[in-house]
Amino acid sequence: MVNRTEALRELLDGHWAELRRGSLDLLGKLEPVHDLPREEHRAWVLEQMGVLAEGGHPLTGFPVAQGGHGDVGGSVVSFEVLGFGDLSLMVKAGVQWGLFGGAVQALGTEEHHARYLPGIMSMELPGCFAMTETGHGSDVQHLRTTATYDPASGEFVVHTPDRDARKDYIGNAARDGRLAVVFAQLVTGGGQHGVHAVLVPIRDEDGNPLPGVTIEDCGPKAGLNGVDNGRLSFDHVRVPRANLLDRYGDVAPDGTYSSPVEGANRRFFTMLGTLVRGRISVAGAAGSATKKALALAIRYAEKRRQFTRPGTGDEVVVLDYLTHQRRLLPALAHSYALHFAQEELVHALHEAHGGEQDDRRQRELESRAAGLKAVSTWHATHTIQTCREACGGAGYLGENLIAGLKADTDVFTTFEGDNTVLLQLVAKGLLTSYRDHVGDLDPWGMARFVADQAVGVVIERTAARAIIDRLVSGSSDALLDRGWQLRQFEDRERHVLEGLARRLRRASEDDAFDVFNAAQDHVLHAARAHVDRVVLEAFVAAVDRCADASARELLDRVCDLYALSTIEADRAWFLEHGRLTPQRSKAVSQAVNELCGALRPDARELVDAFGIPEGWLAAPITA
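Keep in mind it's a predicted model, so treat the numbers as computed, not measured.

Asks: Looking at this structure, how should I read helix α9 (residues 322-353)?
Replies: Think of an α-helix as turning once every 3.6 residues; residues three or four places apart then point the same way. Its 32 residues give α9 an end-to-end C-alpha distance of 46 Å, which sits within 8% of 46 Å, the value for a rise of 1.5 Å per residue. Of all 32 residues that make up α9, 23 are buried, and the element is covered over most of its length.

Asks: Is there a simple way to think about the state of the cysteines in this case?
Replies: By definition, a disulfide is the covalent link that joins the sulfur atoms of two cysteine residues. Taken as a whole and judged by the stated rule, the model has zero disulfides. A disulfide-free cysteine, Cys391 has its sulfur positioned 6.7 Å from the sulfur of Cys387, the nearest such atom. Look at Cys391 and you get buried, because its relative accessible area is 3%.

Asks: How should the environment of Glu399 be read in this particular structure?
Replies: Note on placement: Glu399 falls in the loop between α10 (359-390) and α11 (402-409). Judged by relative accessible area, which is 43%, Glu399 ranks as partly exposed. For the pair Glu399 and Gln105, spaced 294 residues apart in sequence, the C-alpha separation works out to 39 Å. Among residues more than four places away in sequence, those in contact with Glu399 are Ala619 and Pro620.

Asks: Honestly, the sheet that holds strand β7 (residues 213-217) in this entry has me stumped. Any pointers?
Replies: Strands pair in a sheet through their backbones, by hydrogen bonds, and they do so in one of two ways: parallel or antiparallel. Strand order in the open sheet made by the three strands is β4-β8-β7, with antiparallel pairing throughout. Since the sheet does not close on itself, it has two edges, and those belong to β4 (167-170) and β7, each with one partner. For this sheet, the mean angle separating the axes of adjacent strands, direction not counted, is 20 degrees. Relative to strand β8 (residues 230-234), β4 runs antiparallel, the two sharing two bridges. Bridging from a neighbouring strand, Ile170 pairs with Gly230 of β8.

Asks: Looking at this structure, how should I read the packing of helix α1 (residues 4-13) against α9?
Replies: Their axes nearest at 10 Å, the elements α1 and α9 cross at an angle of 40 degrees. The orientation of α1 relative to α9 falls into the category oblique. Each of Leu8, Leu11 and Leu12 in α1 lies in contact with α9, whose residues at this interface are Tyr336, His339, Phe340 and Glu343.

Asks: How should the nonpolar core be read in this particular structure?
Replies: Across soluble globular proteins, nonpolar side chains have a tendency to be buried as a group. Ranked by internal contacts, the top residues of the largest apolar core, which has 172 residues, are Phe183, Tyr336 and Phe539. Setting aside chain neighbours within four positions, we find Phe183 in contact with Leu107, Phe129, Ala130, Met131, Glu133, Leu143, Thr145, Lys167, Val195, His196, Ala197 and Leu275. By size, the runner-up hydrophobic cluster in this structure holds 24 residues, among which are Ala147, Val182, Val198 and Val239.

Asks: So what exactly am I meant to see when it comes to the confidence of the model for the protein chain here?
Replies: Interpretation of the predicted coordinates at a detailed level should be avoided for regions scoring low in pLDDT. The share of residues in the protein chain with pLDDT of 70 or more is 93%, and the mean pLDDT across the chain is 90. Scored below 50 in pLDDT, residues 433-441 shows 32 contacts in the model against residues more than four places distant or in partner chains. Residue range residues 452-456 is modelled with pLDDT below 50. Its contacts to residues more than four positions away, or to other chains, number ten contacts.

Asks: What is the right way to look at the side chain of Asp168 in this model?
Replies: Inspection of the secondary structure puts Asp168 in strand β4. Using a relative accessible area of 2% as the deciding quantity, one classes Asp168 as buried. Separated by 2.8 Å, the side chains of Asp168 and Arg231 make a polar contact.

Asks: Before we go on, may I ask you to explain the pairing of strand β6 (residues 191-201) in this structure?
Replies: Side-chain direction in a regular strand flips from residue to residue, so the side chains alternate between the two faces of the sheet. Looking at chain direction, strand β5 (residues 179-188) and β6 are connected through nine bridges and run antiparallel. Across the sheet, Val181 pairs through a bridge with Leu199, a residue of β6. Taken together, β5 and the strand that follows it, β6, pair antiparallel across an intervening segment of two residues, in which Gly189 is found at a positive phi of about 60 degrees.

Asks: In this structure, what is going on with the environment of Asn225? I would like to understand it.
Replies: Mapped onto the elements, Asn225 comes out in the loop between β7 and β8. Distance in space between the C-alpha atoms of Asn225 and Glu364 is 35 Å, their sequence separation being 139 residues. Those residues within four positions of Asn225 in sequence are excluded, and the remaining contacts are Arg38, His41, Arg42, Ser88, Gly219 and Pro220. From its side chain, Asn225 meets the backbone nitrogen of Lys221 in a polar contact 2.9 Å long.

Asks: Explain unusual backbone geometry to me, please; I cannot follow it from the model alone.
Replies: Comment: phi is negative for the bulk of residues other than glycine, and the bulk of peptide bonds are trans. Positive phi, normally seen in glycine, also occurs at Asp35, with a value near 60 degrees. Residue placement: Asp35 occurs in the loop between α2 (17-29) and α3 (38-54). Even without glycine at this site, Leu401 takes up a positive phi of about 75 degrees. Structurally, Leu401 is set in the loop between α10 and α11.

Asks: What's the story with helix α4 (residues 72-82) in this structure? I'm lost.
Replies: A large share of α4 lies buried, amounting to eleven of its eleven residues. Looking at the buried residues of α4, the elements they touch are α2, α3, α5 (87-107), α8 (276-303) and α9. Its side-chain oxygen at 2.8 Å from the backbone nitrogen of Gly74, Asp71 defines the N-terminal cap of α4.

Asks: What should I look at first to understand the side chain of Gln185 in this one?
Replies: Relative to the elements of secondary structure, Gln185 occurs in strand β5. The exposure class assigned to Gln185 is buried, which follows from its relative accessible area of 6%. Within the structure, Gln185 has its side chain in polar contact with the backbone oxygen of Leu143 (distance 2.8 Å). With sequence-adjacent residues up to four places away left out, Gln185 is seen in contact with Gln141, His142, Leu143, Thr145, Thr146, Ala147, Gln192, Gly194 and Val195.

Asks: Please clarify how the pattern of salt bridges should be interpreted in this entry.
Replies: Note that side chains of opposite charge can pair when their charged atoms are close. In this structure the tally under the stated criterion is 40 salt bridges. Between Arg20 and Asp13 there is a salt bridge, with its nearest N and O atoms 3.9 Å apart. Grouping residues by exposure puts Arg20 and Asp13 together as buried. Residue Arg533 pairs with Glu493 through a salt bridge whose shortest N-O separation is 2.7 Å. Placement of Arg533 in helix α17 (residues 520-545) and of Glu493 in helix α15 (residues 482-504) is noted, with a sequence separation of 40 residues between them. Here Arg533 and Glu493 have matching classes, each one buried. Bridged by salt links that share partners, the residues Arg38, Glu39, Arg42, Lys92, Arg175, Asp176, Asp217 and Asp228 form one connected network.

Asks: Honestly, the packing of aromatic side chains in this entry has me stumped. Any pointers?
Replies: Pairs of aromatic rings are described using the distance from one ring centre to the other and the angle between the two planes. According to the stated counting rule, one finds eight aromatic pairs in the structure shown. Ring centres 5.2 Å apart and planes at 55 degrees place the aromatic pair Tyr149 and Phe156 in the tilted group. The burial state of Tyr149 is the same as that of Phe156; both residues are buried. Here the aromatic rings of Phe489 and Tyr562 are separated by 6.3 Å at their centres, their planes lie at 45 degrees, and the arrangement is tilted. One end of the pair, Phe489, is in helix α15; the other, Tyr562, is in helix α18 (residues 549-569), and 73 residues separate them in sequence. By relative accessible area, which is 1% here, Phe489 ends up buried. Lying over the aromatic face of Phe489, Arg492 brings its terminal NZ or CZ to 5.7 Å of the ring centre.

What counts as what
- Residues numbered from 1 in each chain as written.
- Predicted model: local features only at pLDDT ≥ 70, side-chain atom pairs only at ≥ 80, totals over all residues.
- Heavy atoms only, no water.
- Helix = DSSP H or I, 4+ residues; strand = E, 2+ residues; numbered from the N terminus.
- Expected span 1.5 Å × (residues − 1).
- Buried < 20%, exposed > 50% of the residue type's maximum accessible area, 1.4 Å probe, protein only.
- Disulfide = S-S within 2.5 Å.
- Contact = heavy atoms within 4.5 Å.
- Pairing = 2+ DSSP bridges.
- Axes fitted to C-alpha atoms, helices over the stretch in contact; angles between N-to-C directions.
- Parallel < 35°, antiparallel > 145°, perpendicular 65-115°, else oblique.
- Core = buried A, V, L, I, M, F, W, Y, C linked by side-chain atoms within 4.5 Å.
- pLDDT = per-residue confidence, 0-100.
- Polar contact = N/O pair within 3.5 Å; in protein donor to acceptor, adjacent residues only side chain to side chain.
- Salt bridge = Lys/Arg side-chain N within 4 Å of Asp/Glu carboxyl O.
- Phe/Tyr/Trp six-rings, centres within 6.5 Å; stacked < 30°, edge-to-face > 60°.
- Lys NZ or Arg CZ within 6 Å of the ring centre and 35° of its normal.

In structure tokens, the structure reads:
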């Protein structure tokens, strides 16, 4: 008979259980190191990259034709697992095999695959993903680096026109990278055709910068100092025409430009859409780091004693205090919820890779990825800080690991897309008609498409719709009734979206920016309400498919805690809009308290079910 912890773990492992456990075994073979000087840390990370390559870690997502396994969803899962270990190693792996290798795979043709992917997988060809510029981070469409085609020589001339156009924060650039995927404005025949990717060698085999390439080290960072982030500038660097990653845009020998995708805007979004795996991977990695922090904090809270119980003289275990439960257990419930939402997102990515996607479904995937990345990384930042505080001074010591997690994950909220910008994209995608239009993301364009409708909005249906409909149709108004919880989440999303649509319909071409700018808080609230609802529905579906009765009962309570703590966090809205009375609002908080108390005995089991290798939890506070 399977015990409850193992049943929980089987559910968490999901579709890629065998791969996940194999990746955990490989991670468990790596020997953790702590507090290395920067250069030693970088050297250790590079060495461990070789160990991962030898263990087959990078093969999962690459094409079968080049020796990979062709499992895109599995590649995200194996990357998530690295989040339980050294996060510099995880990020370095993400740069090499996810961003650099992923760009060659997604934007290149079979010729590029055959030439470059074997070396990328084996680490014989370390490389960079050079998109972000000092002056343009989120606004990728207006990058200033240029790749100008010279028909006389059959070469592209890659150039950095000014300091703001240098490639910044580029992983693998400062020390190890030899080839960079450089995103630049493609110019040929006197015309500009938008952002394209060009392969630019940056170092020779001895590690020296090539002529025309300037490489700077970004220097010490708040965290992730095992990753060699650097800056790249190009002074009229020439590369062969064949170095253009030309799946979506090609230049003939005479300089004639052609593309299978019509329109510069559509082409741009099509190219970026192929790179959505990186954003999904960051969400999963943030989730793993958060689970590790919770495992450390809850283990410590079960043994740490503070103050005496009146009449007994016995010191009280800190996890017995409601205030401590309130700190950690709702966060743990949110981590479970986000795990199941991430699993659904990875499935969607995997299915999209396996067949042709229309524009609407591709936009849905990109929107879901943007929203979940934002919410997951903010959750990581908040929860890891909470875990640090919950461990007191011990949590501040490097040897107890949480301080390192806090420093290393802080940047997650801004890389692979600034979270605030990402939530704006989510809200735009939810407004009726916009999701079917591939065009500008400017405020007037958005307002114009909203105005096409009578105030229509889209409540995107998830895969759990049949389960949701059944629960809602038979629901009461009890706080612990799942149907009531689902109704509250969907009603909030619809109301906030409709209000946003009404505000934006007032815009004209002359004042569109001002109208949109004035509604920014509304935009972010709409996106967050949408993501919360999608996450809850994913959790509900997971509980429904749990085969073990005891595990399902436990998960049911964890799901209650996620739902009610989310409502509690936004209860000002529910009160202001008449969805909760003051008395009922108080009852929500009381129910959260009671759920925390009920789940306190199960806290250790819930974190043990994550399956984190014990070697990566080895800290004095857990001994």
